[in-house]
Amino acid sequence: MTSPALVPNAIIEVNDVSKWFGDKVANSKLTCSFGPGVTGLLGPNGAGKTTLLRMLAGLTQPSTGSISVDGLDPRGHPKLFERVGLVPEEDAVYEFLTARQYVTYAAQLTGLADPSQAAADALATVQLTESADRKLGEFSKGMKQRTRVAAAIAHRPDILILDEPLNGTDPVQRARLIALIRSLAANGATVIVSSHVLAEVERIADRVLAMTNGRLAAAGNVEAIRAAMIDIPYKVRIDADDLRGLGALLIGHPLITSVAIGNSEMVIETNDLGALGRDLPGLAIDSGVRITRFQPEDMSLEAVFGYLDKRR
Amino acid sequence: MTSEGAVFDLGYEQYRGPRLSDRQVFWRMVIDGLKKSVGIGKRARNKAFPFSLVALAILPALGVVVIQVVAKIFGLPLSGDVLLDDREYFDWTSQLIFFFVAVAVPNLLIPDRVENVLLVYTSRPPTINTYLVARLVAMAISVGVFLMIPQLVLLIGEALISPSFFGHLADNLAFWWRVPLTSFAYLAVNVGVAALVAAYINNRGAAIAIYIIGVNVLNGVGIGLSSINEYFSLLSIQFWPTRIRDWVFGVNTLDDFPGADLPIVAVLATTIAFLTLAVALILRRYRKLI
């Protein structure tokens, strides 16, 4: 069976990559791949996300293992970067330049024939046209972040590596950037987005690679990762007009591992959510209980990542 | 995970249009470096120092020309000793470029490194080597122009007051190799030392101080130790381009300097060895960063 960390149409391949800095291991034996669409790289601060992204962008050499971008080693093929856009975690802007000058210069470095037009288009995409002629030193953190995104997309790359791209942005800007990122992916770009904010990754990414302590903790979409955790029962919150009657029916049911009844709701645990979802309506009808809510509690990325983090 | 929400078509598509050549991209980087080295695009106070030095470099040359023109118009006798020739003028401009380089090179290299702006380059097709070469070429051009313009003012001024403008230029063909070669010696040594310091020091003020104090201390040590052996005078970095200048112009103005009689081969070999070592150390430093 193919590992969920690998995709069939991979543009970027990471093969058994480890990276250490002195005694500190930043990444350990990572094998994964990235293809068109948005892949969210999730993990707490210090999980090794930035180091992995730097290696993907050719900025850092793996200690062992290999990385290929479209079949080429990113360290030895600078021309590859005509196709790659990087938003690094660091500020990395010339504060004395205006946003327009900065993005134009970035476009020049990728060799665009009309860098001014490319910069204008990119700034319009991130909605910075009106502020384009202000110096970056006067910008808020969110505006700088959007400028860096504009600089990364000005040359219209088909591979985009974004390290915490939503840092410092307000909710409206965040929604717009998420829409932009999803749009890039919908047009065939390979987009890798790192974040330690679960809700962000949940909104952006079709596929998640979860990292803890420099290792790959899980891969796939959130439902699939959760389903793979067979040793951790699903929690389901249930509301019904007769909680005690329903509770009595469920205690001892082969699909149920625990039942906790509160004043107004009940929380049960099951190892087979699908089967319970099929059986429960019949049980309720037979016993004359009316169920008003059936809500799996730990299908969110936050819950899944909480489990992953506890396992490390 | 949810995939709710609309995905807007923002018209994004991969760029497949024409691209500039590597050379054109390189020269854009050089132009960027030239602007930064003299503070163009920055606040007025950033421009004040380099442009003041440029003015100080050019004004005496203009003064010499004006004196010559006035003397010619009024038929005043003018002693050759009063005025500066092209070789002597280097004594003045070399002092100015010492301070120009002391400030410009750290300004060009250190902020990019400390503020992580190197990523602007290294996450795009230019390599770290291309970046460094572009920065050094930018410095070489700005220092070269700094050294050459006053010399050209002197040459053209002298040509204007001579009986034949073009005859004067024809009589001074050696200018066209002596002055560029001497300028190159001054700029290579000064930029080499300043770039080496700026590559390893992360604070601009400290880099400026280390460069100025370091060069002067080495000058003193070189002169002091040369009483033991005249080859110690090679420790004096500023001696190298001056000795090369004298060799190019076929004179010896360093009579009082202990190393004045050292063979030019020793000076050239020391200069080339130092520059090679400096380039290697700078590359090593930047390759470790990326």
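The rules behind the values
Residues numbered from 1 in each chain as written. Chains lettered and ligands numbered in written order. Predicted model: local features only at pLDDT ≥ 70, side-chain atom pairs only at ≥ 80, totals over all residues. Heavy atoms only, no water. Contact = heavy atoms within 4.5 Å. Buried area = accessible area lost by both parts, 1.4 Å probe. Salt bridge = Lys/Arg side-chain N within 4 Å of Asp/Glu carboxyl O. Axes fitted to C-alpha atoms, helices over the stretch in contact; angles between N-to-C directions. Helix = DSSP H or I, 4+ residues; strand = E, 2+ residues; numbered from the N terminus. Parallel < 35°, antiparallel > 145°, perpendicular 65-115°, else oblique. Left-handed = near helix turned anticlockwise from the far one by under 90°. Nonpolar A, V, L, I, M, F, W, Y, C, P; charged D, E, K, R; others polar. Buried < 20%, exposed > 50% of the residue type's maximum accessible area, 1.4 Å probe, protein only. 1 Å grid on protein atoms, 1.4 Å probe; cavity = no way out; pocket = protein on both sides within 12 Å on 5 of 7 lines; lining within 4 Å. Points joined across faces, edges and corners; volume = space filled by probe spheres on them. Pairing = 2+ DSSP bridges.

Caption draft 1: Region of the structure containing the interface of chain B and chain A. Counting residues at the interface gives 39 residues for chain B, matched by 50 residues for chain A. Buried area between chain B and chain A, summed over both chains or domains, comes out near 4100 Å², and the portion from carbon and sulfur atoms is 59%. In this structure, the connection of chain B to chain A is made through two salt bridges. As a salt-bridge pair, glutamate 82 of chain A and arginine 19 of chain B come within 3.4 Å of each other at their nearest N and O atoms.

Caption draft 2: Highlighting the packing of helix 1 (residues 22-37) of chain B against helix 5 (residues 128-161) of chain B. Residues and elements named next belong to chain B. Close contact between helix 1 and helix 5 brings their axes to 8 Å; oriented N to C, the two are set at 50°. Between helix 1 and helix 5, the interaxial angle falls into the category oblique. Along this stretch, helix 1 crosses helix 5, giving a crossing that reads as right-handed. Together, Phe26, Trp27, Met29, Val30, Asp32, Gly33, Leu34, Lys36 and Ser37 of helix 1 and Thr130, Tyr131, Val133, Ala134, Arg135, Val137, Ala138, Met139, Ile141 and Ser142 of helix 5 make up the contact between the two elements. Broken down by class, the residue content of the contact of helix 1 with helix 5 amounts to twelve nonpolar, four polar and three charged.

Caption draft 3: Representation of helix 9 (residues 239-249) of chain B. Residues and elements named next belong to chain B. Within helix 9, ten of the eleven residues are buried, which leaves it mostly tucked inside the rest of the structure. In this structure, the buried residues of helix 9 make contact with helix 3 (86-114), helix 7 (175-200) and helix 10 (264-289). Count one or two residues on from helix 9 and you reach glycine 250, which has phi positive near 70°.

Caption draft 4: Representation of the layout of surface pockets within the structure. Its volume calculated, the largest pocket comes out at about 600 Å³. In this structure, the largest pocket is lined by 25 residues; those nearest its centre are Phe96 of chain A together with Lys42, Arg43, Asn46 and Arg204 of chain B. Secondary-structure elements contributing two or more residues to the lining of the largest pocket are helix 1, helix 2 (44-73) and helix 3 of chain B. Here the element with the most residues in the lining of the largest pocket is helix 3 of chain B; it accounts for six residues. Among the residues forming the lining of the largest pocket, the class breakdown is ten nonpolar, five polar and ten charged.

Caption draft 5: How the structure looks around the pairing of strand 8 (residues 207-212) of chain A. All names here are of chain A. Most of strand 8 is tucked away, with six of its six residues classed as buried. On strand 8, burial covers both faces: Arg207, Leu209 and Met211 on one face and Val208, Ala210 and Thr212 on the other are all buried. Here strand 3 (residues 37-42) runs beside strand 8; their pairing, made up of four bridges, is parallel. Looking at the pairing, leucine 41 lines up with leucine 209 of strand 8. Across five bridges, strand 8 lies against strand 9 (residues 215-220) in antiparallel orientation. Residue alanine 210 lies in a different strand from strand 9, and its bridge partner there is alanine 218. Connecting strand 8 to the next strand, strand 9, in antiparallel fashion are two residues, including asparagine 213 with a positive phi near 50°.

Caption draft 6: The arrangement of the side chain of lysine 36 of chain B in detail. By the element assignment, lysine 36 of chain B lies in helix 1. A residue is classified by how much of its surface remains accessible, and lysine 36 of chain B, at 6% relative accessible area, is buried. Each residue touching lysine 36 of chain B, except ones within four places of it in the same chain, is listed here: Tyr94 and Phe96 of chain A together with Leu108, Tyr121 and Arg135 of chain B.

That is the geometry; function is a separate question.
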